[in-house]
Amino acid sequence: MSAFIVEQVVDEEAEEVRSAVDWAEVRAMHADGITKREIARRLGISRNTVDKLIEASEPPKYSRASAGSMLDPLEAVLRRLLEEWPDIKAPRVTEILRDDHGYPGSVDLVRRRLARLRPRAVRPAQRTGYRPGQVLQLDWGEMPTRPKIAGLERRVYALVATLPYSGAQTAHFSFDLTSESFLEGHVRIFDWLGGVTRECVYDNLRSAVARRDGDQVTWNQRFVTLRGHYAFHATACTPATPREKGSVEGGVRHLKTGFWPARRFGCLAELDEQYARWRDQVCNRRTHATGRFPVAERLAHERENLRPLPPTSFDFCGARPVRVGLDGYLKLAGNFYRAPIALVHQRVELRFDRDHVWIRHAGADVASYPRSYDRGCWFPPPHLRPEPPAPAPMIELRSPSIAPPELADYAELCA
């Protein structure tokens, strides 16, 4: 049979199996005016087959009659079980079929049939509109590469915030996903906005959601303090439904592909500067891909509808009470920062954020340092042990030069 034959048809009367190529040849010869008798003679097929191939508007197809499944007679039983017990599992159904109906097949066959018969609960998606200044969506994203900073390859995370009404975005970068970084990101984001949205939406982040039991959400206590300070509502998305925060999902993708590639920086402060330029000159000046509106114009309108910032700044810093040792150095993340020597053996508060470390005593800051992400660094460096004194210089003694007597003098003395 020809290698080009891919489809076949059965002529029930002549018991002839014809191919799609035969169908094409018969129709071509019939279009040339060749009689059906001659077509049948040339191809060696019956006249009835020629008639059927000429009348067919599509290539013939071969379909094999289904042999059926051993579960077909038991389908009514399966439907009744699913109606009474919608969550019943395949192993239990197989057990019932074997005990009550003599089913000899496998559990996999039952599982596939249940998947076809069980009604699927589909939650329809609904497009949501937003008012200016109404919602801010936030989510963490890990950058796709690990830049080398201070001699080490480091993970870089971004707390991305997007405004669904305007499509604008901003981000706060850090080396960790701690609660302090999460709260600091909020403070910086609200400061950049110049106000507070009425609601913030999250994807069950641990920094925000301490525990969730169904629809019951228990919020993290420090996050509750942040909410109360800025007076905004908080919503945790339904688990496994990223479409509820599609704006920030798109913002994270845009950050990873539109900003991050081919960036070089030596610290997070340099990264902040590069991102701020890209955000203000590229990202938030674009035309929105879906709404086809200028993002910058809507952002300006949205800022007019934000709630005002509170009069005092939120304290997002990490704090640790410690006792100052004899050398005055306090340890934080593998590095050492010195307190004033006058505070030796006293309790102070070691405070830190992403970029700074400072020491507070009796309500006043007594020392401040830039935060290091290297290890084994001392601020300030310890005093070096003095070198032993240098040896005293050698004193050169000068003696008068005396000329020895001549030999004649010796001879005269001897005589």
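For the structure itself, consult the block above.
Before going into details, it helps to say that this report is about the structure given with it. This one's a predicted model, so the numbers in the text were calculated from it and none came from an experiment.

Section: the nonpolar core
- Core analysis: the biggest nonpolar cluster contains 36 residues, and Leu136, Phe182, Tyr202, Phe223 and Phe232 have the highest contact counts within it.
- Among the elements of the structure, β3 (135–142), β6 (157–162), α7 (179–193), β8 (199–202), β10 (216–219), α8 (221–230), β11 (233–236) and α11 (295–304) are those that each provide at least two residues to this core.
- Per element, the largest residue contribution to this core is seven residues, and it comes from α7.
- Residues in contact with Phe223, not counting those within four places in the same chain, are Phe182, Leu183, His186, Tyr202, Ser207, Ala208, Phe232 and Ala234.
- Listed in part, the 19 residues of the second largest apolar core include Ile149, Phe259, Leu268 and Leu271.

Structural notes on the sheet that holds β8
- Strand order in this open sheet of five strands is β7-β6-β3-β8-β11, and the pairing throughout is mixed. The two strands at the open ends of the sheet, each matched to only one other strand, are β7 (169–174) and β11. Across this sheet, the average inter-strand angle for adjacent strands is 25°, counted without regard to direction.
- Of the strand pairs in this sheet, β3 and β8 are connected by three bridges, and their pairing is parallel. By the bridge assignment, Gln137 is partnered in β8 with Val201.
- Strands β3, β6, β7 and β8 of the sheet are contacted by α7, whose axis makes an angle of about 145° with β7.

Regarding the pattern of salt bridges
- Scanning the model with the defined rule gives 23 salt bridges in all.
- Note that Glu38 is salt-bridged to Arg41, the shortest N-O span being 2.4 Å. Residue Glu38 and its partner Arg41 are both found in helix α2 (residues 36–43); the two are separated by three residues, about one turn of the helix.
- Residue Glu38 is classed as partly exposed on the basis of its relative accessible area, which comes to 24%.
- Arg354 serves as the salt-bridge partner of Asp272, at 2.3 Å between the closest nitrogen and oxygen.

Description of unusual backbone geometry
- Between Phe379 and Pro380 the backbone carries a cis peptide bond, its omega angle lying at -15°.
- Looking at where Pro380 falls in the secondary structure, it is placed in the loop between β18 (378–379) and α12 (407–414).

Structural notes on helix α10 (residues 268–281)
- In this model α10 runs 20 Å from its N-terminal to its C-terminal C-alpha over 14 residues, within 8% of the 20 Å that 1.5 Å per residue would give.
- Every buried residue belonging to α10 is among Leu268, Leu271, Gln274, Tyr275, Trp278 and Arg279, and all of these are buried. Taken end-on, α10 shows its buried residues confined to a sector of 130°, consistent with a single buried face.
- Residues of α10 that are buried in the fold lie against β7, α7 and α9 (246–259).

Observations regarding the sheet that holds β18
- On the basis of which strands lie adjacent, the open sheet formed by three strands has the order β13-β14-β18 and mixed pairing. The open sheet has two edge strands, β13 (329–332) and β18, and neither has a second partner.
- The pairing of strand β14 (residues 335–338) with β18 spans two bridges and is classified as parallel. Counted as the bridge partner of Tyr337 is Phe379 from β18.

As for α9
- Helix length check: α9, at 14 residues, gives a terminal C-alpha distance of 19 Å against a target of 20 Å (1.5 Å per residue), a fit within 8%.
- Next to the buried residues of α9 lie β3, β6, β7 and α10.

Details of the pairing of strand β17 (residues 364–370)
- Here strand β16 (residues 356–361) pairs with β17 via six bridges, running antiparallel. Paired with Val357 across the strands is Tyr369, a residue of β17.
- The hairpin turn running from β16 into β17, its antiparallel successor, is two residues long, and Ala362 in that turn takes a positive phi close to 55°.

Procedures and definitions
- Residues numbered from 1 in each chain as written.
- Predicted model: local features only at pLDDT ≥ 70, side-chain atom pairs only at ≥ 80, totals over all residues.
- Heavy atoms only, no water.
- Core = buried A, V, L, I, M, F, W, Y, C linked by side-chain atoms within 4.5 Å.
- Buried < 20%, exposed > 50% of the residue type's maximum accessible area, 1.4 Å probe, protein only.
- Helix = DSSP H or I, 4+ residues; strand = E, 2+ residues; numbered from the N terminus.
- Contact = heavy atoms within 4.5 Å.
- Pairing = 2+ DSSP bridges.
- Axes fitted to C-alpha atoms, helices over the stretch in contact; angles between N-to-C directions.
- Salt bridge = Lys/Arg side-chain N within 4 Å of Asp/Glu carboxyl O.
- Expected span 1.5 Å × (residues − 1).
- Arc of directions from axis to C-beta.

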